[in-house]
Amino acid sequence: MNLPVYRFAPSPNGHLHLGHAYSAILNQRAAQKYGGKLLLRVEDIDTIRCTPQLQADMLEDLHWLGIQWEEPVRKQSEHFEDYQCTLHKLEERSLVYKAYLTRAQIKRFVAQQDATGTPWPRDPDGAPLYPGDDKVLSAQDQQERQNSDAPYALRLNMEKAIAAVGQPLRWQEARTGKIQADPAAWGDVVLARKDTPTSYHLSVVVDDALQGITHILRGTDLYHATSVHRLLQTLLNLPEPLYEHHHLIMGADGRKLAKSAKDTSLRELRASGVTPAQIREMLSNPASEQTTARS
Ligand code: GLU
């Protein structure tokens, strides 16, 4: 039996907070418990917001907390060609199209639709599904748009992608068992943009496969995204990891922690004299002891 491989995959677009500490600790604990490995992945495809300083701070915070991982660390911004290569495979199958509506145009269109009394459909994160007609344009209209030099997003043609898979998709969720995936709920997700060679969905699926990740233990905020990940894994013939989505650490106001809220950042806590042991104590929760069973 292969030993489990876990990963912690933060984005250095702000300082790590208690929620990240919780996720990292759970992954470390599970890897230790089952004799597996913990890998670290720096999800820095947003090269504007993810700065070298924030990345250095992130590694320092994780070391301070006592998280240990196996080298090398995979830094996504160093692997854009891997994601491009995977994107081309989907493009070759005509599963990707250029979508030209800007965020402002989408917003305007959706506001108009909502005003009619029938709200425009939203994805599980609450964002409107892409309303553009780009994929049904005549070849001539498409050519005109391409010649216009306007910015665009490369979107997955969801309907076609689901048809290409041809079977209902499921994933294995620790504790609850098989979950029916619903990628259609996301509409035509963005896989890349004219000036950004990848998206979260694309790079996470490529990297989990390349790094040989067997167990994905992450927050429930990414639970529904698993539907898109299972779809991409199936289209690309990539292995299926096991999933476990842990509860999120909430702020005193009952809301999800944000990187912008300084009071729960590991740096601030450390500066105020809190120790790593106290952080672990603060986050200890009997429910979190039942980590993913080895399989
Ligand atoms: N980079 C993501 C985040 O910081 C996590 C991605 C994942 O675990 O799949 O929220």
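Bear in mind the structure is a predicted one, so any value in this text is a computation, not a measurement. Within any chain, residue numbers begin from 1 and follow the written order of that chain's sequence. The predicted origin of the model limits local features to residues at a pLDDT of at least 70 and limits the giving and counting of side-chain atom pairs to 80 or more, whereas totals for whole chains, interfaces and linings rest on all residues. Hydrogens and waters are ignored; side-chain quantities use all the structure's heavy atoms.

**Student:** Honestly, the overall build of the protein chain in this entry has me stumped. Any pointers?
**Tutor:** Per the convention used, a helix needs a DSSP run of H or I reaching at least four residues, while a strand needs a run of E reaching at least two, with both numbered from the N terminus. Secondary structure assignment for the protein chain yields 10 helices and 10 strands. Relative to a compact globule of 295 residues, whose C-alpha radius of gyration would be 19 Å, the protein chain shows 20 Å and is just as compact. Each of the three principal axes of the protein chain carries a C-alpha extent, and together these read 65 × 45 × 40 Å. Categorising residues by exposure relies on relative accessible area from a 1.4 Å probe, with only protein chains included: less than 20% of the type maximum marks a residue as buried, more than 50% marks it as exposed, and the intermediate range marks it as partly exposed. Out of the 295 residues belonging to the protein chain, those deemed buried represent 46%. Taking contacts inside the protein chain between residues at least 6 apart in sequence as the whole, the part at least 24 apart equals 80%. For the protein chain, the computed accessible surface area is about 15000 Å², with 51% contributed by carbon and sulfur atoms. Only four residue types enter the tally: Lys and Arg on the positive side, Asp and Glu on the negative side; His and the chain ends are excluded. For this purpose, a charge sits on NZ of Lys, CZ of Arg, CG of Asp or CD of Glu. Averaged over its 34 positive side-chain charges, the protein chain has a centre that lies 2 Å from the centre of its 36 negative ones. Our radius of gyration is a C-alpha quantity, and the globule rule it is checked against amounts to 2.2 Å times the number of residues to the power 0.38. Contact between two residues is taken to exist if any of their heavy atoms lie within 4.5 Å; hydrogens are not considered. Residue exposure ignores everything except the shown protein chains as possible cover, and the areas themselves are Shrake-Rupley values with a 1.4 Å probe.

**Student:** Hey, could you run me through the packing of helix α7 (residues 200–210) against helix α8 (residues 225–235) in this one?
**Tutor:** The relative placement of two packed helices comes down to the angle between their axes together with the axis-to-axis distance. Fitted lines through C-alpha atoms serve as axes, helices being fitted only where they are in contact, and the angles separating the N-to-C directions of these axes extend from 0 to 180 degrees. Between α7 and α8, the least distance of the axes is 10 Å, while the angle of their chain directions is 60°. What the angle tells us is that α7 and α8 run oblique. Judged by the twist between their axes, the crossing of α7 over α8 is right-handed. Listed contacts from α8 to Tyr200, His201, Leu202, Val204 and Val205 of α7 are Ala225, Val228, His229, Leu232 and Gln233. Asp, Glu, Lys and Arg are counted as charged, while Ala, Val, Leu, Ile, Met, Phe, Trp, Tyr, Cys and Pro are counted as nonpolar; the rest, among them Gly, fall into the polar class. Residues belonging to the contact of α7 with α8 are distributed by class as follows: 7 nonpolar, 3 polar and no charged. Each angle receives one of four descriptions, namely roughly parallel if under 35 degrees, roughly antiparallel if over 145, roughly perpendicular if within 65 to 115, and oblique otherwise. Note on convention: near helix rotated counterclockwise from far helix by under a right angle means a left-handed crossing. Clockwise means right-handed.

**Student:** Can you help me understand the site of the ligand in this one?
**Tutor:** Proximity is defined per residue: if any heavy atom of the residue lies within 4 Å of a molecule or strand, that residue is considered near it. Taken together, the residues surrounding the ligand are Arg7, Ala9, Pro10, Ser11, Glu43, Tyr200, Val204, Arg218 and Leu222. Two N or O atoms form a polar contact when they lie within 3.5 Å of each other; inside protein one atom must be a possible hydrogen donor and the other a possible acceptor, and for residues adjacent in sequence the pair counts only when both atoms belong to side chains. With respect to the ligand, the side chain of Tyr200 contributes an N or O atom lying 2.8 Å from an oxygen atom. For the ligand, whose free accessible area comes to 300 Å², the fraction covered by protein is 80%. Broken down by class, the residue content of the shell around the ligand amounts to 5 nonpolar, 1 polar and 3 charged.

**Student:** What should I look at first to understand the nonpolar core in this one?
**Tutor:** Most often, soluble globular proteins have nonpolar side chains that are buried together. Here, the term nonpolar core denotes a set of buried Ala, Val, Leu, Ile, Met, Phe, Trp, Tyr and Cys residues that are joined through side-chain atoms within 4.5 Å. Membership of the largest hydrophobic core comes to 37 residues, with the highest contact counts inside it found for Leu90, Leu156, Leu191, Leu231, Leu232 and Leu235. Of the residues forming this core, the biggest block, 5 residues, is contributed by α8.

**Student:** Sorry, what's going on with the packing of aromatic side chains here?
**Tutor:** Any aromatic ring pair is given by two values, namely how distant the centres are and how the planes are angled relative to each other. The aromatic pairing rule takes the rings of Phe, Tyr and Trp, using the six-membered ring of Trp, and pairs them if the centres are within 6.5 Å, calling planes under 30 degrees apart stacked, those over 60 edge-to-face and the rest tilted. Across all of its chains, the model carries 5 aromatic pairs by this definition. Summarising the aromatic geometry, the rings of Phe109 and Trp120 are spaced 5.0 Å apart at their centres and angled 90° between planes, so their arrangement reads as edge-to-face. Placement of the pair is Phe109 in helix α4 (residues 103–115) and Trp120 in the loop between α4 and α5 (139–147), with a sequence separation of 11 residues.

**Student:** Explain the sheet that holds strand β8 (residues 190–193) here, please?
**Tutor:** Strand pairing in a sheet is mediated by backbone hydrogen bonds. Such pairs are either parallel or antiparallel. Only strands joined by at least two bridges in the DSSP assignment are considered to pair. Strand order in the open sheet made by the 3 strands is β4-β5-β8, with antiparallel pairing throughout. Because the sheet does not close on itself, it has two edges, and the strands there are β4 (96–99) and β8. Averaged over all adjacent pairs, the angle separating strand axes in this sheet is 30°, with direction ignored. Here β4 runs beside strand β5 (residues 153–156); their pairing, made up of 4 bridges, is antiparallel. Counterpart to Ala99 in the pairing with β5 is Ala153.

**Student:** Explain the pattern of salt bridges here, please?
**Tutor:** Close approach of charged atoms allows side chains of opposite charge to pair. The working definition used for a salt bridge is a side-chain nitrogen of Lys or Arg within 4 Å of a carboxyl oxygen of Asp or Glu. Evaluated as defined, the whole model comprises 20 salt bridges. Salt-bridge contacts for Asp46 lead to Arg49; the nearest nitrogen and oxygen are separated by 3.6 Å. Looking at Asp46, the relative accessible area reads 28%, which means it is partly exposed. Here Arg145 and Asp133 are joined by a salt bridge, their closest N and O atoms 3.6 Å apart.

**Student:** Would you mind going over the environment of Pro131 with me for this structure?
**Tutor:** Within the fold, Pro131 resides in the loop between α4 and α5. For the pair Pro131 and Tyr97, spaced 34 residues apart in sequence, the C-alpha separation works out to 13 Å. If we ignore the near neighbours within four places in the chain, the residues touching Pro131 are Leu101, Ile106, Phe109 and Trp120.

**Student:** Please clarify how the side chain of Arg74 should be interpreted in this entry.
**Tutor:** Secondary-structure assignment places Arg74 in strand β3 (residues 70–75). Among the polar contacts listed, one links the side chain of Arg74 to the side chain of Asp207, at a separation of 2.7 Å. Excluding anything up to four places from it in sequence, Arg74 contacts Leu40, Arg41, Val42, His79, Asp82, Tyr83, Asp207, Leu210 and Gln211.

**Student:** For this particular structure, what's the right way to read the confidence of the model for the protein chain?
**Tutor:** In low-pLDDT segments, the atomic positions of the prediction should not be examined closely. pLDDT measures how confident the predictor is about each residue, on a scale from 0 to 100. Looking at the protein chain, pLDDT values average 93 and 95% of them are 70 or higher. Here residues 286–295 is modelled with pLDDT under 50, and outside its nearest four sequence neighbours on either side it reaches 30 contacts, counting other chains as well.

**Student:** Where do I start with the packing of helix α6 (residues 158–165) against α8 in this structure?
**Tutor:** Following both chains from N to C, one finds α6 and α8 inclined at 55°, their axes separated by 10 Å at the closest point. The angle between α6 and α8 falls in the class oblique. When you trace α6 past α8, the crossing you get is left-handed. Here Met158, Ala161, Ile162, Ala164 and Val165 of α6 come into contact with α8, specifically with Leu231, Thr234 and Leu235.

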